[in-house]
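Architecture and fold: a report
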Amino acid sequence: MLCDGIERRRDIEMGIFRSTAGTLLALALAVAAAHAGAAEPVGPKLPPKVRGLLLQEMNAVLAASHEIQDAIIQGQDGVVAEKAQAIYDSFILDQQMTDEDRQALRAAVPEAFVKRDQAFHELTGRLAQAARDGDGARQRELFGDMIEACAACHARYATNRFPAFTAE
Ligand code: HEC
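Please read these numbers as outputs of a predicted model, since none were measured by experiment. (Residues numbered from 1 in each chain as written. Predicted model: local features only at pLDDT ≥ 70, side-chain atom pairs only at ≥ 80, totals over all residues.)

Details of the nonpolar core
This is how the line gets drawn: Think of a nonpolar core as buried Ala, Val, Leu, Ile, Met, Phe, Trp, Tyr and Cys residues chained together by C-beta atoms that fall within 7 Å. With C-beta atoms placed from the backbone, a residue is labelled by how many other C-beta atoms lie within 10 Å of its own: buried for 20 or more, exposed for 12 or fewer, partly exposed between the two. Only DSSP runs of H or I reaching four residues or more are called helices, and only runs of E reaching two or more are called strands; each is numbered from the N terminus.
Ranked by size, the top nonpolar core spans 14 residues in total, and within it I68, V80, A84, L127 and A131 carry the most contacts. When residues of this core are traced back to their parent elements, those giving at least two are α2 (48-73), α3 (77-88), α6 (111-132) and α7 (136-157). Counting six residues, the second largest nonpolar core, distinct from the first, contains V50, L53, L54 and V109.

Some words on the site of the ligand
Applicable threshold: Only the C-beta atom, placed from the backbone, is used; a residue is near a molecule or strand if that atom lies within 6 Å of it. Only Asp, Glu, Lys and Arg are considered charged, only Ala, Val, Leu, Ile, Met, Phe, Trp, Tyr, Cys and Pro nonpolar, and every remaining residue, Gly among them, polar.
Of all residues adjacent to the ligand, which total 24 residues, the nearest are G43, M58, C150, C153 and A158. Going through the elements one at a time, α2, α6 and α7 are the ones with two or more residues in the shell around the ligand. Here the shell around the ligand gets eight residues from one element, more than from any other, and that element is α2. Residues belonging to the shell around the ligand are distributed by class as follows: 15 nonpolar, five polar and four charged.

Let's talk about the confidence of the model for the chain
As a reminder, the rule being used: The predictor's confidence in any single residue is recorded as pLDDT, a number from 0 to 100. Contact between residues is assigned whenever the C-beta positions, reconstructed from backbone atoms, fall within 7 Å.
On average, the chain scores 85 in pLDDT, and the residues at 70 or more come to 77%. When the criterion is pLDDT under 50, residues 27-35 qualifies, and its contacts beyond four places in sequence or with other chains add up to one contact.

What to know about the environment of H154
Structurally, H154 can be placed in helix α7. You can call H154 partly exposed: it has 17 C-beta atoms within 10 Å. Here the alpha-carbon distance between H154 and A38, two residues 116 residues apart in the chain, equals 9.0 Å. For H154, the contacting residues outside a window of four places in its chain are F162 and F165.

Observations regarding the packing of α3 against α6
What counts, and what does not: To obtain each axis, a line is fitted to C-alpha atoms, and for helices this fit is confined to the stretch in contact; angles are then taken between N-to-C directions over 0 to 180 degrees. Any angle that falls under 35 degrees is termed roughly parallel, while one over 145 is termed roughly antiparallel, one within 65 to 115 roughly perpendicular, and all others oblique. By definition, turning the near helix anticlockwise from the far helix through less than a right angle yields a left-handed crossing, and turning it clockwise yields a right-handed one.
Axis separation between α3 and α6 bottoms out at 8 Å; the angle between their running directions is 160 degrees. When the interaxial angle is binned, α3 and α6 end up roughly antiparallel. In the crossing of α3 with α6, the sense of the turn from one axis to the other is left-handed. Of α6, the residues touching α3 (which contributes D77, V80, A81, A84, Q85, I87 and Y88) are H121, T124, G125, L127, A128, A131 and R132. Tallied by class, the residues present in the contact of α3 with α6 amount to eight nonpolar, four polar and two charged.

Considerations on α7
Given 3.6 residues per helical turn, the α-helix brings residues three or four places apart onto the same face. To keep it simple, the criterion reads: The span expected for a helix works out to 1.5 Å for each residue beyond the first. In this description, the arc belongs to the directions extending from the helix axis to the C-beta atoms.
The terminal C-alpha atoms of α7 lie 31 Å apart, and with 22 residues this matches the ideal 32 Å at 1.5 Å per residue to within 8%. For α7, the set of buried residues is Q139, L142, F143, R156 and Y157. When α7 is viewed along its axis, its buried side chains cluster within an angular range of 165 degrees and face the same direction. Residues of α7 that are exposed and point over 90 degrees away from its buried face: A137, G144 and E148.

Digging into the packing of α2 against α7
Contact geometry of α2 with α7 gives a least axis separation of 11 Å together with a crossing angle of 155 degrees. As summarised for this structure, α2 and α7 are arranged roughly antiparallel, according to the angle between their axes. For the pair α2 and α7, the crossing hand works out as left-handed. Between α2 and α7, the residues in contact are I68, Q69 and I72 and Q139, R140 and F143, respectively.

Here you go:
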């Protein structure tokens, strides 16, 4: 009887130990993943056409970022407004993706990636507005946030393309 009780209690304790250990392990892995900043690269999961459009968009965004930087340092608000608005309007993705492509993209990427993309686009919209308002200090601040958003997303979702981020 007594032994039964002890056995049972030990079983319960082991059960608690195991589930606590399991939870701690899951937590440790989640913390490690968050610390490393790496999630699975999304590019290779996309249908080739959608991936091609995303890369075209990225290169266009890079070119626009260069032009925005040039314009900011010269106080050319009109150019900043135009280029930031063009990124906001997603020149390529929005214009060349069919509804099916859009669905395929949504199915292949995690929700957190979509959120990052939306936050990035909101930033470019705010940058365009700051330029229309002629607010230079705000433009510089938002441009910094924008570059931060590029690098943060690449470090998390594009280490296949930018492996230097895995060393961080
Ligand atoms: C929400 C995530 C996200 C944001 C924000 C983002 N990118 Fe990217 N970018 C990616 C992904 C994912 C890839 C790699 C796609 C692949 O592997 O096919 C990529 C690839 C690229 C490439 C490589 C293109 C090529 O032809 O290989 C460039 C250049 C680039 N991004 C520029 C930028 C710039 C500049 C910004 C910010 C102004 C930016 N990206 C913001 C996700 C993002």
